[in-house]
Amino acid sequence: QVQLVESGGGLVQTGGSLRLSCAASGRTFSSSAMGWFRQAPGKEREFVAGISWSGGSTYYADSVKGRFTISRDNAKNTVYLQMNSLKPEDAAVYYCAARPKVRVGVDPNEYDYWGQGTQVTVSS
C-alpha cells in the first residue's frame, strides 16, 4: 500500500512558478514509478510527467516539456513537480500517482495509488 498526499498548489499569475510536492507513505515507494496527472473541469485526467523508481528516467507531456520538471527524493519518500512559466491552460487539479513498477506509465489506469489532488489556478 502507498498513501499519497499532495501539497503546493495555489493561485499564481501567468508566467509564475509553483512547486508541487507529493509525500508518500508505504514500503513500496522507492520501487514505484511515480506520475503527475491533472484534470481540468469537463476534461479527462491527463498525464503531465512521470519518473522511474530510481529517478533515472523522466517523461513529460509535450504541453509541459521545457517548463515542468519532475524529481524524486527516495530518502524523503517525496516526488516533486517544479512548474515554471505557467499558463492559464495549466490550471487544473494536479494528482500524484504511484505505480509499483519500474517503468513510468502514461495512462491513468496503469497507476494503483492516487493522492487527493491539489488545485493549481493560473490567472491571466
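For every chain, the first residue of the written sequence is number 1, and numbering continues from 1 onward in sequence order. Local features in this predicted model are restricted to residues whose pLDDT is 70 or higher, and side-chain atom pairs enter the listing and the counts only when it is 80 or higher, whereas totals over whole chains, interfaces and linings include all residues. With hydrogens and water set aside, each side-chain value is computed from the structure's full complement of heavy atoms.

A. Layout of the nonpolar core. Here, nonpolar core means buried Ala, Val, Leu, Ile, Met, Phe, Trp, Tyr and Cys residues that are tied together by side-chain atoms lying within 4.5 Å of each other. We call a residue buried when its accessible area falls under 20% of the maximum for its residue type, exposed when it is over 50%, and partly exposed in between, using a 1.4 Å probe and counting protein chains only. Ranked by internal contacts, the top residues of the largest apolar core, which has 28 residues, are Leu4, Met34, Trp36, Leu81, Met83 and Tyr94. Those elements that provide at least two residues to this core are strand E3 (18-25), strand E4 (33-39), strand E5 (46-51), strand E7 (68-73), strand E8 (78-83), strand E9 (92-99) and strand E11 (118-123). Among all residues touching Leu4, those that are not within four sequence positions of it are Cys22, Ala23, Ala24, Met34, Cys96, Ala97, Ala98, Tyr113, Trp114, Gly115 and Gln116. Ala33, Phe47, Ala97 and Tyr111 belong to the second-largest nonpolar core, a separate cluster that totals six residues. Secondary structure elements follow DSSP: runs of H or I no shorter than four residues count as helices, runs of E no shorter than two count as strands, and numbering proceeds from the N terminus. Contact definition: two residues touch when any of their heavy atoms are within 4.5 Å.

B. Looking closely at the pattern of salt bridges. For salt bridges, the criterion is a side-chain nitrogen of Lys or Arg within 4 Å of an Asp or Glu carboxyl oxygen. Inspection of every chain in the model, using the stated rule, returns five salt bridges. Residues Asp62 and Lys65 are paired through a salt bridge, measuring 3.2 Å at the closest nitrogen-oxygen approach. For Asp62, a relative accessible area of 64% puts it in the exposed group. Taken together, the shared-partner salt bridges connect Arg38, Glu46, Arg67 and Asp90 into one network.

C. Representation of the state of the cysteines within the structure. The disulfide definition used here is simple: a pair of cysteine sulfur atoms within 2.5 Å. As enumerated under the stated definition, the model contains one disulfide in all. Two residues share a disulfide in this structure: Cys22 and Cys96, whose sulfurs sit 2.1 Å from each other. As the torsion about the S-S bond is roughly -75°, the Cys22-Cys96 disulfide counts as left-handed. Here Cys22, found in strand E3, pairs with Cys96, found in strand E9; they are 74 residues apart in sequence, far enough to count as distant. Here Cys22 matches Cys96 in class, with each residue buried.

D. The sheet that holds strand E1 (residues 3-7), seen in detail. Taken in spatial order, the four strands make up an open sheet running E1-E3-E8-E7, and their pairing is antiparallel. Edge positions in the open sheet fall to E1 and E7, since each of these has one partner strand only. On average, adjacent strands in this sheet sit at an angle of 15° to one another, irrespective of strand direction. A strand pair is defined by DSSP finding two or more bridges across the two strands. The pairing of E3 with E8 spans six bridges and is classified as antiparallel. Paired with Leu20 across the bridge in E8 is Leu81. For every element, the axis is a line fit to its C-alpha atoms; helices are fit only across the contacting stretch, and the angle between N-to-C directions ranges from 0 to 180 degrees.

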